[in-house]
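Here are the chains, one letter per residue:
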Amino acid sequence: MNASRLSLLAPLLLATTAEAAPRHEVSAGLSTMFQMGTFRPSPNFMLVEVAGLRTVAEEGPLSALQFGGGLRVGWPSAQQQLPLEGFLRVQLGAKLGFWQPAGGLELGLTGFNQRLYTPVLPDNQLEPLEDETLGPAYGSFTMSPARFQVGRFQLSALQLHLGTGLKTPGSSVRVQLGLVSIGGWL
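Below is a short write-up of the structure. (Residues numbered from 1 in each chain as written. Predicted model: local features only at pLDDT ≥ 70, side-chain atom pairs only at ≥ 80, totals over all residues. Heavy atoms only, no water.)

## Side note on the packing of aromatic side chains
Each aromatic ring pair is described using two quantities: the centre-to-centre distance and the angle formed by the ring planes. The condition that has to hold: Working definition: rings of Phe, Tyr and Trp (its six-membered ring) pair if their centres are within 6.5 Å, and the pair is stacked with planes under 30 degrees apart, edge-to-face with planes over 60 apart, and tilted otherwise. Strands here are runs of E lasting at least two residues and helices are runs of H or I lasting at least four, both read from the DSSP assignment and numbered beginning at the N terminus. For every residue, the accessible area (1.4 Å probe, protein chains only) is compared with the maximum for its type, and the residue is labelled buried under 20%, exposed over 50%, or partly exposed between those bounds. Only lysine NZ and arginine CZ atoms are considered, and such an atom sits over a ring when it is within 6 Å of the ring centre and within 35 degrees of the ring normal.
Per the stated rule, a full pass over the model turns up two aromatic pairs. Seen from their ring centres, Phe-98 and Phe-148 are 5.8 Å apart, and the 35 degrees between their planes marks the pair as tilted. Of this pair, Phe-98 sits in the loop between strand 4 (84-93) and strand 5 (102-110) while Phe-148 sits in strand 7 (residues 146-150), and the two are 50 residues apart along the sequence. The exposure class assigned to Phe-98 is exposed, which follows from its relative accessible area of 53%. Note on Phe-148: relative accessible area 29%, which makes it partly exposed. Taking the ring centre of Phe-87 as reference, the NZ or CZ of Arg-72 above it sits at 4.1 Å. Just above the ring of Tyr-138 sits the side chain of Arg-174; from NZ or CZ to the centre is 3.8 Å.

Structure below.
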C-alpha cells in the first residue's frame, strides 16, 4: 500500500479507535415511512421510535460497533393491523469529534404492511396476489450521516432506511426517513 492511500485511511483508523465511553445509548425519535409494492403504495406513516444501542467495546476497533433494538408505533393504520413494529439493529460508526455518522443493518417485524386501494386495477384481481407477497418481517440498510454527540447527549437528523420485506424479497421497497432523534448515553 503506498503512502497516499495510507494517509487517506489514517483518519478513519483514528476515528474508529477513539474511546467510546459510556457504552449504552437510549433515544427517541420521529420518522416517516412508506412502502411501494409492484402495483400499489402503502399510506405514509408517521412513526414514533424508542431505541437502545450498546457499544461492543469501550476502546479499540470494536468501539465503533453497536447493536440493539427498539419499538416503533405509528399512524394511520387499518383497524385489522397492529400499528407496532419491533426491530434489531447492528451498526458501525465513526467518531470524528462530536460528529458520529453511522450505518448498518436492521431486521424487524412490522404491523404496517398494508396497501392503498387502487380502482385502476381490473376487478381487484391483482391486489390479492400482491397482498400475498407481504409478510411481517423486513430487512433494511440504515444510514445516519447527520448524527452528533455533545457530552452525554446524541442528536440525529435525516436518517435513511432502505429495505424490503423478507417474505418475497424485492417485491416491495420500504423507505423510512428519520426526521429527528434525541438521546443520551448512560
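Alright, that's what it looks like, and here's the rest.
## Some points on empty space enclosed by the protein
The line we're drawing: Cavity and pocket criteria rest on a 1 Å grid covering protein atoms alone: a 1.4 Å probe that fits but cannot get out defines a cavity, protein on both sides within 12 Å along at least 5 of 7 lines defines an open pocket, and an atom within 4 Å of a point defines a lining residue. Grid points are joined across faces, edges and corners, and a volume is the space filled by probe spheres set on the points. Residues are grouped as follows: nonpolar covers Ala, Val, Leu, Ile, Met, Phe, Trp, Tyr, Cys and Pro; charged covers Asp, Glu, Lys and Arg; every other residue, Gly included, is treated as polar.
All chains considered together, the criterion is met by five cavities of 30 Å³ or more. Among the elements of the structure, strand 1 (24-36), strand 2 (45-55), strand 4 and strand 8 (153-165) are those that each provide at least two residues to the lining of the largest cavity. Counted by class, the lining of the largest cavity contains two nonpolar, seven polar and four charged residues.

## Quick look at the pairing of strand 3 (residues 65-75)
Definition in use: Only strands that DSSP links by at least two bridges are regarded as paired with each other.
Alternating positions in strand 3 separate cleanly, Gln-66, Gly-68, Gly-70, Arg-72 and Gly-74 being buried on one face and Leu-65, Phe-67, Gly-69, Leu-71, Val-73 and Trp-75 remaining unburied on the opposite face. Here strand 2 pairs with strand 3 via ten bridges, running antiparallel. Within strand 3, the residue paired with Arg-54 across the bridge is Phe-67. Pairing of strand 3 with strand 4 involves nine bridges; the strand directions are antiparallel. Paired with Phe-67 across the two strands is Val-90, which belongs to strand 4.

## Overview of the pairing of strand 6 (residues 137-144)
Of the strand pairs in this sheet, strand 5 and strand 6 are connected by eight bridges, and their pairing is antiparallel. Of the residues in strand 6, the one forming a bridge with Gly-104 is Thr-142. Across six bridges, strand 6 lies against strand 8 in antiparallel orientation. Each residue of the ladder has a partner; that of Tyr-138, found in strand 8, is Gly-165.

## Here's the deal with the side chain of Ser-27
Inclusion rule: Whether two residues touch is decided by their heavy atoms; if any such pair falls within 4.5 Å, the residues are in contact.
For Ser-27, the location among the structural elements is in strand 1. Excluding residues that lie within four positions of it along the chain, Ser-27 makes contacts with Glu-49, Val-50, Ala-51, Gln-154, Ser-181, Ile-182 and Gly-183.

## Thoughts on the environment of Gln-35
Going by this rule: Contacts described as polar in this section are N or O atom pairs within 3.5 Å, which, within protein, must combine one atom able to donate a hydrogen with one able to accept it, while residues neighboring in sequence count only if both atoms come from side chains.
Its location among the elements puts Gln-35 in strand 1. Here the alpha-carbon distance between Gln-35 and Gly-163, two residues 128 residues apart in the chain, equals 9.1 Å. Apart from residues no more than four positions distant in its own chain, Gln-35 is found in contact with Pro-41, Ser-42, Phe-112, Asn-113, Arg-115, Ser-172, Val-173 and Arg-174. Within polar-contact distance, the side chain of Gln-35 engages the backbone oxygen of Phe-112 at 3.4 Å.

## Observations concerning unusual backbone geometry
In this structure, Leu-158 is a non-glycine residue whose phi angle is positive, near 55 degrees. Note that Leu-158 resides in strand 8.

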